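A closer look at the structure
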Amino acid sequence: MKQSIEVTVDPRYMNRKASIYTIIIGILAFIAFFSIWGFEFNFSLDFLWKFYLGYVVGVIIHEALHGFGFIVFGKAKITEVKFGFILKHITPYAHCKVPIKVKAYRIALLLPVILTGIIPLILALAIGNGLLLAISVFLMAGGIGDWIIFRKIKPYSGNALLEDHPNAIGCIIYKG
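What this report covers is the structure whose coordinates are included nearby.

Reading guide: rules and limits
Residues numbered from 1 in each chain as written. Predicted model: local features only at pLDDT ≥ 70, side-chain atom pairs only at ≥ 80, totals over all residues. Heavy atoms only, no water. Axes fitted to C-alpha atoms, helices over the stretch in contact; angles between N-to-C directions. Helix = DSSP H or I, 4+ residues; strand = E, 2+ residues; numbered from the N terminus. Parallel < 35°, antiparallel > 145°, perpendicular 65-115°, else oblique. Left-handed = near helix turned anticlockwise from the far one by under 90°. Contact = heavy atoms within 4.5 Å. Nonpolar A, V, L, I, M, F, W, Y, C, P; charged D, E, K, R; others polar. Salt bridge = Lys/Arg side-chain N within 4 Å of Asp/Glu carboxyl O. Buried < 20%, exposed > 50% of the residue type's maximum accessible area, 1.4 Å probe, protein only. Lys, Arg positive; Asp, Glu negative; His and termini not counted. Polar contact = N/O pair within 3.5 Å; in protein donor to acceptor, adjacent residues only side chain to side chain. Core = buried A, V, L, I, M, F, W, Y, C linked by side-chain atoms within 4.5 Å. Pairing = 2+ DSSP bridges.

**Quick word on the packing of helix α3 (residues 102-127) against helix α5 (residues 144-153)**
Contact pair α3 / α5: the axes reach a minimum separation of 9 Å and the direction vectors enclose 155°. Classified by the angle their axes make, α3 and α5 are roughly antiparallel. Regarding α3 and α5, the two cross each other, and that crossing is left-handed. Contacts between α3 and α5 involve Val102, Tyr105, Arg106, Leu109, Leu110 and Val113 on the former and, on the latter, Asp146, Trp147, Ile149, Phe150 and Ile153. By residue class, the composition of the contact of α3 with α5 is nine nonpolar, no polar and two charged.

As C-alpha cells, this is what we get:
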C-alpha cells in the first residue's frame, strides 16, 4: 500500500492571505501604473460595471484553465474534471477526480494565475489600461490559494501521484 500525505489549507487562512496579498499586489501595481501613466484614473459607474463583468469572466476562465491543465498536462478525461462553487467560503473550484502527477498538477495550479493575472497585469502597465490592471490584480489575488498549494507541494517528486482532496482545499500525495 502506498503511503499518502494530506496537504491542505484552512479556508479562513487562505482568505486572510488573499486579502493581504490583494492589498499588497494592488498597491504595487497601482504605484507602477501611476508612475508610468500619471495619476489619471477614470473611476465611474461604467468602470465598476466593466470591472465586475471582467472579473466574473476572468474567474470562469481561471477555473477553466485549471481544468485545461488537468486534461492536457495531467491526462485526465474531460468527464474526470468537475467545476463548482463553495458558497460558504466564496470559492469557485475546478476538481480533478483522478490522480495525476505532481508536475502536471503544478502546471494546472499556476496556469490560470499566469494567464489571467500576471500577463494581463504586464499588458495593462504597457498600454495604460486601468480597468485591465484592476481586474488582473484581483485575479492574481484570487490565485493566492493556488500559489499556497503550489508552495506546499514543491518538496514532492514531480512523478509522484497526487489527487485533489475530496473535501478540503488541497490534495493527497501518494509516495512509494
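**Considering the pattern of salt bridges**
Per the stated rule, a full pass over the model turns up two salt bridges. When the shortest N-O distance is used, the salt bridge between Asp46 and Lys50 registers 3.1 Å. Of this pair, Asp46 and Lys50 both sit in helix α2 (residues 45-72), four residues apart, which is roughly one turn of the helix. Its relative accessible area of 44% is what places Asp46 among the partly exposed residues.

**Here's the deal with the side chain of Arg106**
For Arg106, the position within the fold is in helix α3. Nearest to the buried, unbridged Arg106 among oppositely charged side chains is Asp164, at 13 Å. Looking at Arg106, its side chain comes within polar contact range of the main-chain oxygen of Tyr156, at 2.5 Å. Those residues in contact with Arg106 that sit more than four places away from it in its chain are Phe150, Ile153, Lys154, Tyr156, Ser157 and Gly158.

**Observations concerning the nonpolar core**
Phe70, Tyr105, Ile153 and Ile173 are the most contacted members of the largest nonpolar core, which totals 35 residues. Taken together, the elements giving at least two residues each to this core come down to β1 (3-9), α1 (11-37), β3 (91-96), α3, α4 (130-142), α5 and β6 (169-175). When residues no more than four places from it in sequence are discounted, the contact partners of Ile153 are Val7, Val102, Tyr105, Arg106, Leu109, Leu162, Cys171 and Ile173. Counting residues in hydrophobic clusters, the runner-up holds six residues, among them Phe51, Val59, Ala134 and Ile135.

**What to know about the pairing of β6**
Sheet topology places β1 next to β6; seven bridges connect them, and they run antiparallel. Each bridged residue has a counterpart across the sheet, and for Glu6 the counterpart in β6 is Ile172. The sheet contact formed by strand β5 (residues 161-164) and β6 spans four bridges and is antiparallel. Its bridge partner lying in β6, Asp164 is registered against Cys171. Where β5 folds back onto β6 in an antiparallel hairpin, the turn is made up of four residues.

**Regarding the packing of α1 against α4**
Pairs of packed helices are described in terms of their axes, by the angle between the two and the distance that separates them. At their nearest, the axes of α1 and α4 sit 9 Å apart, and the two run at 150° to each other. When the interaxial angle is binned, α1 and α4 end up roughly antiparallel. Remark: the crossing between α1 and α4 carries right-handed chirality. Residues Ala18, Thr22, Ile25, Gly26, Ala29, Phe30 and Phe33 of α1 form the contact with α4, whose participating residues are Gly130, Leu133, Ala134, Val137, Phe138, Met140 and Ala141. Of the residues belonging to the contact of α1 with α4, the class tally is eleven nonpolar, three polar and no charged.

**Re the environment of Leu115**
Checked against the element boundaries, Leu115 lands in helix α3. Separated by 21 residues in sequence, Leu115 and Ser136 place their C-alpha atoms 9.6 Å apart.

**As for the sheet that holds β6**
Read from one edge to the other, the open sheet built from four strands follows the order β1-β6-β5-β4, with strand pairing classed as antiparallel. Edge positions in the sheet fall to β1 and β4 (100-101), since each of these pairs with one other strand and no more.

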